[in-house]
Amino acid sequence: MDFLASLDPEVVPGLEALPAEMISSIGDNPPLAREMLAGMLKMMEEMLPPSDVSVTERTIPGPDIDVPVAIYQPPAPPPRPGLLWIHGGGYVVGTAREDINCNAFAEHVGCTIVSVDYRMAPEATYKEAVSDCFAALQWMVEHADELGIDASRVAIGGASAGSGLSAGLALYNRDHNGPDLAFQLLIYPMIDDRHDTPSGQEITYEKVWNRDVSLKAWQMYLGDEYGSDAVSPYAAAVRAQDLSGLPPAFITVGTRDLFRDEAIDYAQRLMAAGVPTELQVYPGMYHGGEVMSPMAAVSQRMRQGYLEALKRALSA
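Because the structure is predicted, anything quoted here is derived from the model rather than measured.

Draft legend 1. View of the overall build of the chain. If you tally the helices and strands in the chain, you get 12 helices and eight strands. Taking 2.2 N^0.38 as the reference for a compact globule, 316 residues should give roughly 20 Å; the C-alpha atoms of the chain span a radius of gyration of 18 Å, in line with that estimate. For the C-alpha atoms alone, the extent of the chain along its principal axes is close to 55 × 45 × 40 Å. Looking at the chain as a whole, 59% of its 316 residues qualify as buried. Here the analysis covers contacts within the chain between residues at least 6 apart in sequence; of these, 75% occur between residues at least 24 apart. About 12,500 Å² of surface is accessible on the chain, with carbon and sulfur atoms providing 52% of the total.

In C-alpha cells:
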C-alpha cells in the first residue's frame, strides 16, 4: 500500500515539507543532522505564542561529568508536580531546549520540568545516556524544595527516543532503588532494537522515521551490544523479562509508525505485569506527525491525549 495514501490526509502536507535528508542524515551524518534539526526547531519555536513559562539553563553534577539541563517553571504556585523530560532524536540528535513540548506540558499541567541534555550516540552509548538521565532524576528529587516540586508527584517522560530512554530509566530506577515515580509518559516509544514486527518491517518511506535509519541509530546507541542477545533492557525496554513494580504508564502511537507494534506489545506486557497502563493508537498517524502537522484534527487529538494523561496522573 502506498505510504502517503495510508495516512490521514490532513497530516500529509506537513510530511511532504520535511526534507528527506533530515531523516537519513541521522543515520549517515549525525553532525549534519544536528545542524539541520537546530535550524528546523528554531523556525518552529519562533512561531510559538508568548508563554509565561520561565526557562533556566544550568548544569548539575553527574556520576562522571556535569549534565546540562533546562528547567521550565510555570507561574503556578508551589508545590507543583514535576516531570523529568527526555528529548527525542533517535538517540543521536536533539537538545534539552524543547520549548515546543516543555512549554505545553508546563502550561497545561502546571508542572516544573527538568529537561536533560544526555550524552548521545555515536559519541556515547546507552550506558552514558541512562546514567545522565538517572543523575538528573535524582538531582530533581533531591532539590524538590528548591524547584518548588512535590516529590510525591514526579513523572518521567519523552517522545520517540526520549520515550525509549524513559522506559529504560523506569526499569533502571526500579532496579537501583531510585526515587518513587508517579508516572511514565511514553509517546511513540523507541524500545526495540530489532524491529522484528510487521510495522518494524513495512515502514520504509524516506521522509519518516524508517527501518533503515532506525537500525543505524540503534547500532550507534548500543555499541558492541548491537545484534547480540545481550542487549540491556535499560537500552531497549522490550528486552526486560520482568515489568512488575514499574510506575503507571501511558503509551500513544500512530498506526503508520515504525514503532506501532512494539509499543502496543509493551503496553500489553505492562498490563499483564499489573502495571496500570493506558494505550492510545491514532489511525493514519506517522511518527511525530502531531508536531509536523499540529493543526490536523488527529494531531490535536493525540496531543490533547498525552497532555491530559499527564495532568490526570499528577493531579493532587
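Moving on, there is more to tell.
Draft legend 2. View of empty space enclosed by the protein. Counted by the stated rule, this structure contains one cavity of 30 Å³ or more. Taken as a whole, the largest cavity spans an internal volume of roughly 640 Å³. Contributing to the lining of the largest cavity are 30 residues, with Leu37, Met40, Gly89, Gly288 and Val291 lying nearest its centre. Of all the secondary structure elements, the ones that give two or more residues to the lining of the largest cavity are helix H2 (20–28), helix H3 (30–46), helix H4 (99–109) and helix H11 (289–292). The dominant element in the lining of the largest cavity, judged by the number of residues it contributes, is H3, at five residues.

Draft legend 3. Region of interest: the packing of H4 against helix H12 (residues 297–314). Look at H4 against H12: their axes get within 10 Å of each other, and the N-to-C directions meet at 50 degrees. Comparing their axes, H12 and H4 come out oblique. Considering the relative orientation of H4 and H12, their crossing is right-handed. Packed against H4, whose contacting residues are Ile100, Asn101, Ala104, Phe105, His108 and Val109, the element H12 presents Arg303, Gln304, Tyr306, Leu307, Glu308, Leu310, Lys311 and Leu314 at the interface. Classifying every residue of the contact of H4 with H12 by side-chain character gives eight nonpolar, three polar and three charged.

Draft legend 4. The arrangement of the nonpolar core in detail. Counting 112 residues, the largest nonpolar core has Phe105, Tyr221 and Tyr266 as its most contacted members. Looking at this core element by element, the count peaks at nine residues for helix H5 (residues 126–142).

Draft legend 5. Region of interest: the pairing of strand E1 (residues 54–61). Two strands pair when backbone bridges link them, and E1 and strand E2 (residues 66–73) are joined in this way by eight bridges, in the antiparallel orientation. Each bridged residue has a counterpart across the sheet, and for Ser54 the counterpart in E2 is Gln73. Hairpin connection from E1 to E2: four residues lie between these consecutive antiparallel strands.

Draft legend 6. Focus on the layout of surface pockets. Here the largest pocket is characterised by a volume of approximately 540 Å³. What lines the largest pocket is a set of 18 residues, among which Met44, Ile100, Glu290, Val291 and Pro294 lie closest to the centre.

Draft legend 7. Representation of the packing of aromatic side chains within the structure. Throughout the structure, instances matching the rule amount to nine aromatic pairs. Measuring from ring centre to ring centre gives 5.2 Å for Phe3 and Tyr205, while their planes differ by 15 degrees; the resulting arrangement is stacked. You can see Phe3 sitting in the segment before helix H1 (12–16) and its partner Tyr205 sitting in the loop between helix H8 (198–202) and helix H9 (211–222), a full 202 residues away along the chain. Classification of Phe3 by relative accessible area gives buried; the value is 8%. With 6.2 Å between their ring centres and 65 degrees between their planes, Tyr126 and Tyr221 make a pair best called edge-to-face. Taken as a pair, Tyr126 in helix H5 and Tyr221 in helix H9 lie far apart in primary sequence, 95 residues in all. Considered together, Tyr126 and Tyr221 belong to a single accessibility category, that of buried residues.

Rules behind the numbers
- Residues numbered from 1 in each chain as written.
- Predicted model: local features only at pLDDT ≥ 70, side-chain atom pairs only at ≥ 80, totals over all residues.
- Heavy atoms only, no water.
- Helix = DSSP H or I, 4+ residues; strand = E, 2+ residues; numbered from the N terminus.
- Rg over C-alpha atoms; globule rule 2.2 N^0.38 Å.
- Buried < 20%, exposed > 50% of the residue type's maximum accessible area, 1.4 Å probe, protein only.
- Contact = heavy atoms within 4.5 Å.
- Areas by Shrake-Rupley, 256 points an atom, 1.4 Å probe, with all protein chains shown as cover.
- 1 Å grid on protein atoms, 1.4 Å probe; cavity = no way out; pocket = protein on both sides within 12 Å on 5 of 7 lines; lining within 4 Å.
- Points joined across faces, edges and corners; volume = space filled by probe spheres on them.
- Axes fitted to C-alpha atoms, helices over the stretch in contact; angles between N-to-C directions.
- Parallel < 35°, antiparallel > 145°, perpendicular 65-115°, else oblique.
- Left-handed = near helix turned anticlockwise from the far one by under 90°.
- Nonpolar A, V, L, I, M, F, W, Y, C, P; charged D, E, K, R; others polar.
- Core = buried A, V, L, I, M, F, W, Y, C linked by side-chain atoms within 4.5 Å.
- Pairing = 2+ DSSP bridges.
- Phe/Tyr/Trp six-rings, centres within 6.5 Å; stacked < 30°, edge-to-face > 60°.

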